[in-house]
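Understanding the architecture of this molecule
Single-letter residue listing:
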Amino acid sequence: MQRLRWVEFTRALNANSRLRSRLALRFTTSAALYESLGKHPHHAVVGQLSRHNRSSRLVPVLPASLLCALLVFAAAAHSYTVLSSNIIWSLPLWLMLLSACPCALWMARIVALLARQSRAGRLDELSLIPAGRRFIFTVACQVVLSESDAAWWLGMLRRCLAGLALLLMLMGMCITLVNIERVDWQELALLLLDVLILALAILLEGAQSGVLACALGIYFGRRSPSALDRASAAFALFVLLQALSYALAIAGAVLLNVPRLWLVCGLFLLLRELAIVMLWRAVLRDA
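Residues numbered from 1 in each chain as written. Predicted model: local features only at pLDDT ≥ 70, side-chain atom pairs only at ≥ 80, totals over all residues. Heavy atoms only, no water.

It is worth spelling out a nonpolar patch on the surface at this point. On the surface, Leu67, Leu70, Leu71 and Phe73 cluster together into a nonpolar patch covering about 420 Å² of accessible area. Tracing the backbone shows leucine 71 in helix 4 (residues 61–83). Take leucine 71: its relative accessible area is 56%, and that puts it in the exposed class. (Patch = residues over 30% accessible without salt bridge, like charges linked within 9 Å, V, L, I, M, F, W, Y side chains within 5 Å. Areas by Shrake-Rupley, 256 points an atom, 1.4 Å probe, with all protein chains shown as cover. Salt bridge = Lys/Arg side-chain N within 4 Å of Asp/Glu carboxyl O. Helix = DSSP H or I, 4+ residues; strand = E, 2+ residues; numbered from the N terminus. Buried < 20%, exposed > 50% of the residue type's maximum accessible area, 1.4 Å probe, protein only.)

This is the structure in structure tokens:
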């Protein structure tokens with residue numbers, strides 16, 4: 001009797017574990033996906049995928065991304081002299097420019113890695129393992145993103161940048177409050193909301209762009225060869241989706257007649273999150 005109860009308990013526990021894993025796969029956020037894709041994978045096929053990835057590592061991701069970040073910061077500082085306070089509405093664009101360099105390299109390498117495996121027939125062979133093709137695609141993204149811990153260091157850069165922006169804006173608010181006689185508490189609350197959502201956008205935009213790059217890399221990496229370069233097509237679609245998400249966020253704020261930074265950044269993050277989760281699920285649905 002006790003053995004029977006233990007077997008039933010074990011089955012129920014396994015069923016509950018499988019249900020949790022399915023729910024986690026269905027509702028995983030882009031930030032959690034990016035964190036898992038940035039970790040070093042541990043599997044027997046990792047060595048083979050890593051060896052084939054070395055041939056495409058002509059440009060190191062981390063140094064190239066840091067150099068691109070310096071150029072973006074310099075361009076933003078120059079634009080501030082022209083736009084003044086209006087530059088705040090273009091902040092999502094500058095954040096996307098920060099992600100452009102690493103995401104372009106990651107997409108190109110994921111596309112090249114999967115295309116090379118597919119042409120050699122190894123992708124079909126590796127897909128015979130119990131984990132399936134979905135696991136192979138995920139491991140390929142992990143191999144590319146975790147190279148030299150680039151995803152981790154870029155995430156750390158985002159966290160430092162968000163903390164610095166939050167500190168500077170709060171200090172500016174405190175200095176302003178000291179020098180005025182009457183405080184408009186409603187405007188102050190909206191300004192605090194602007195600051196918090198902006199810091200959240202700095203943190204999440206990099207993760208969202210990274211997952212978008214992985215999804216497009218998988219999609220174009222498994223396509224049949226054509227006259228159009230698949231890496232270029234992936235990057236073109238990446239730029240289009242980035243620009244469309246920003247344009248829709250601005251249009252939403254204009255239509256709602258609420259010209260606030262928190263609304264623009266909130267719509268920007270929400271629209272991207274919905275699109276990326278749907279795209280990621282669609283890419284891996286038939287895997």
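The next subject is unusual backbone geometry. It is generally the case that most residues other than glycine have a negative phi and that most peptide bonds are trans. Phi is positive for serine 148, which is not a glycine, with a value near 60°. Structurally, the position occupied by serine 148 is in the loop between helix 7 (132–145) and helix 8 (150–178). Its relative accessible area of 55% is what places serine 148 among the exposed residues. Here the phi dihedral of aspartate 149 falls at roughly 55°; this positive angle occurs in a residue that is not glycine. In this structure, aspartate 149 sits in the loop between helix 7 and helix 8.

The subject of this paragraph is the packing of aromatic side chains. Describing an aromatic ring pair means giving the distance of the ring centres and the angle of the ring planes. Enumeration according to the criterion identifies 4 aromatic pairs in this entry. Pairing tyrosine 34 with tryptophan 106 gives two aromatic rings, centres 6.4 Å apart and planes at 55°, and the pair type is tilted. One end of the pair, tyrosine 34, is in helix 2 (residues 30–37); the other, tryptophan 106, is in helix 5 (residues 91–119), with 72 residues separating them in the sequence. Under the relative-accessibility criterion, tyrosine 34 is labelled buried at 11%. Taking the centre distance of 5.1 Å and the plane angle of 85° together, the rings of tyrosine 219 and phenylalanine 220 count as edge-to-face. Its relative accessible area of 12% is what places phenylalanine 220 among the buried residues. (Phe/Tyr/Trp six-rings, centres within 6.5 Å; stacked < 30°, edge-to-face > 60°.)

In this section: the side chain of glutamine 242. With respect to the element layout, glutamine 242 can be found in helix 10 (residues 230–255). Glutamine 242 gets classed as buried once you look at its relative accessible area, which sits at 5%. Among all residues touching glutamine 242, those that are not within four sequence positions of it are Met96, Glu205, Ser209, Leu212 and Arg272. (Contact = heavy atoms within 4.5 Å.)

In this section: the packing of helix 10 against helix 11 (residues 261–285). The geometry of helix 10 relative to helix 11 is characterised by a closest axis approach of 8 Å and an angle of 135° between their N-to-C directions. With respect to their mutual orientation, helix 10 and helix 11 come out oblique. Where helix 10 crosses over helix 11, the handedness of that crossing is right-handed. Only Leu263, Val264, Leu267, Phe268, Leu271 and Arg272 of helix 11 make contact with helix 10, whose side of the interface consists of Gln242, Ser245, Tyr246, Leu248, Ala249, Ile250, Gly252 and Ala253. When the residues that make up the contact of helix 10 with helix 11 are grouped by side-chain class, the tally is 10 nonpolar, 3 polar and 1 charged. (Axes fitted to C-alpha atoms, helices over the stretch in contact; angles between N-to-C directions. Parallel < 35°, antiparallel > 145°, perpendicular 65-115°, else oblique. Left-handed = near helix turned anticlockwise from the far one by under 90°. Nonpolar A, V, L, I, M, F, W, Y, C, P; charged D, E, K, R; others polar.)

Another point: the packing of helix 2 against helix 9 (residues 185–221). At a closest axis distance of 8 Å, the pairing of helix 2 and helix 9 adopts a crossing angle of 70°. Judged by the angle between their axes, helix 2 and helix 9 are roughly perpendicular. Relative to helix 9, the crossing made by helix 2 is left-handed. Every residue of helix 9 that contacts helix 2 at Ser30, Ala31, Leu33, Tyr34 and Leu37 is listed here: Leu204, Gly206, Ala207, Gln208, Gly210, Val211 and Cys214. Here the contact of helix 2 with helix 9 is built from residues that sort into 8 nonpolar, 4 polar and no charged.

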